[in-house]
Structures are given as C-alpha cells and as structure tokens.
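What the coordinates show
One letter stands for each residue in the lines below.
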Amino acid sequence: MAAPDVGKVIPYQVDGQHWFGVVLPFDVWSSGEIRLLVAFPSDDLLGDLTRKLKNLILVIALLIALLLPAGWWAGASIARSFRKLSTQAQRMSRFDFKRHSHNKVSCRKPIAWRLS
C-alpha cells in the first residue's frame, strides 16, 4: 500500500462511519519515516452543515410551491392583456373601429357640460 500524501485530507470509512484524516510528518526523532495521522469523524465537521443544507432545501421547495401559483396567475393576467391588445390591433389593421360590448365604458351619472 502506498503512503498517503503528507498534508492532504483523505476520506476514510471505518465500520460504516465516514472519517477524514490528514497525514503529518512527525519529526520528533531523527528518523523521517514516522508520520502522524490526525483523524476526525465527518459528522463532527459536517453534521451541522448537513442539517442546515436539508433545512435550506426544504425552505426553497416551500417557496417554489408557494410562488409558482402566484407566477402562474401573474403570467395569465399579462397574457390576457396581450391577447386583448392583439385583438384590438388586428381590428385596427382591418379598419374595424366599431365598439364591441366588452369594451364599452359606462357612466353612472351623465356629465353636464356648461359653457361659461
């Protein structure tokens, strides 16, 4: 088995648990072949981050679920306005200036014009 690179973090798995380890030179004695392995469980390092990632994914999914219908409604409203505008432009291109029943403007009270 080849010796791991000095200073490089290496993932390990022991009894189904994930660990991270780093090999460091151990120069206490004159022999340069002694190395120190510093290892720690990945849950100690990443446990809180994993939980926060799951919570963030849940919040994003809820926001998408809530905002998607609002976007759908807004898009339909804009599309309806564009369809009306397109219909009016087509009528104008055919020189059809008649008012249709859905475009009438109504007044509740008649407007009296006075000449001063």
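Nothing here was measured: the structure is a model prediction, and the numbers come from that model. (Residues numbered from 1 in each chain as written. Predicted model: local features only at pLDDT ≥ 70, side-chain atom pairs only at ≥ 80, totals over all residues. Heavy atoms only, no water.)

The subject of this paragraph is the packing of aromatic side chains. Applying the stated criterion across every chain, the model contains one aromatic pair. Considering the side-chain rings of Phe20 and Phe40, the 6.1 Å spacing of their centres and the 45 degrees angle between planes classify their relative orientation as tilted. Of this pair, Phe20 sits in strand 2 (residues 17–25) while Phe40 sits in strand 3 (residues 35–41), and the two are 20 residues apart along the sequence. (Phe/Tyr/Trp six-rings, centres within 6.5 Å; stacked < 30°, edge-to-face > 60°. Helix = DSSP H or I, 4+ residues; strand = E, 2+ residues; numbered from the N terminus.)

The next subject is helix 1 (residues 42–93). In the structure, helix 1 departs most strongly from a straight axis at Asp48, where the bend amounts to approximately 30 degrees. Looking one or two residues beyond helix 1, the residue adopting positive phi is Phe95, at roughly 60 degrees. (Bend = angle between axes of the 7 residues up to and from the residue.)

The backbone of Asp15 sits at a positive phi, close to 55 degrees, despite the residue not being glycine. Note on placement: Asp15 falls in the loop between strand 1 (9–14) and strand 2. The class of Asp15 is exposed, set by a relative accessible area of 81%. (Buried < 20%, exposed > 50% of the residue type's maximum accessible area, 1.4 Å probe, protein only.)

A word on the sheet that holds strand 3. Read across the open sheet, the three strands follow the order 1-2-3; overall the sheet is antiparallel. Each edge of the sheet is formed by a strand with only one pairing partner; in this case those strands are strand 1 and strand 3. In this sheet, adjacent strand axes meet at a mean angle of 35 degrees when their direction is disregarded. Sheet topology note: the strand 2/strand 3 ladder contains seven bridges and is antiparallel. Note that in strand 3 the partner of Pro25 across the bridge is Arg35. (Pairing = 2+ DSSP bridges. Axes fitted to C-alpha atoms, helices over the stretch in contact; angles between N-to-C directions.)

A few words now on the environment of Asp44. Here Asp44 shows up in helix 1. Between the C-alpha atom of Asp44 and that of Trp19, which follows or precedes it by 25 residues, the distance is 9.3 Å.

Moving on, we come to a nonpolar patch on the surface. Judged by side-chain polarity, Leu24, Leu36, Val38, Phe40, Leu45, Leu46 and Leu49 come together as a nonpolar surface patch covering roughly 540 Å² of accessible area. Of all the elements in the fold, those that place two or more residues in the nonpolar patch are strand 3 and helix 1. Its location among the elements puts Leu49 in helix 1. Looking at Leu49, the relative accessible area reads 53%, which means it is exposed. (Patch = residues over 30% accessible without salt bridge, like charges linked within 9 Å, V, L, I, M, F, W, Y side chains within 5 Å. Areas by Shrake-Rupley, 256 points an atom, 1.4 Å probe, with all protein chains shown as cover. Salt bridge = Lys/Arg side-chain N within 4 Å of Asp/Glu carboxyl O.)

Another aspect to go through is the confidence of the model for the chain. Confidence in the prediction for the chain averages 81 pLDDT; 78% of positions are at 70 or higher. Within the chain, strand 3 has the poorest average pLDDT of any element, 84, and helix 1 the best, 90. (pLDDT = per-residue confidence, 0-100.)

Our focus in this paragraph is the pattern of salt bridges. Applying the stated criterion to the full structure yields two salt bridges. In this structure, Asp48 engages Arg51 in a salt bridge whose closest nitrogen and oxygen atoms are separated by 2.3 Å. In this pair, Asp48 and Arg51 both sit in helix 1, three residues apart, roughly one turn of the helix. Take Asp48: its relative accessible area is 37%, and that puts it in the partly exposed class. A salt bridge links Asp48 to Lys52; the shortest N-O distance between them is 3.5 Å. Highlighted residues: Asp48 and Lys52, both in helix 1, separated by four residues, approximately one helical turn.

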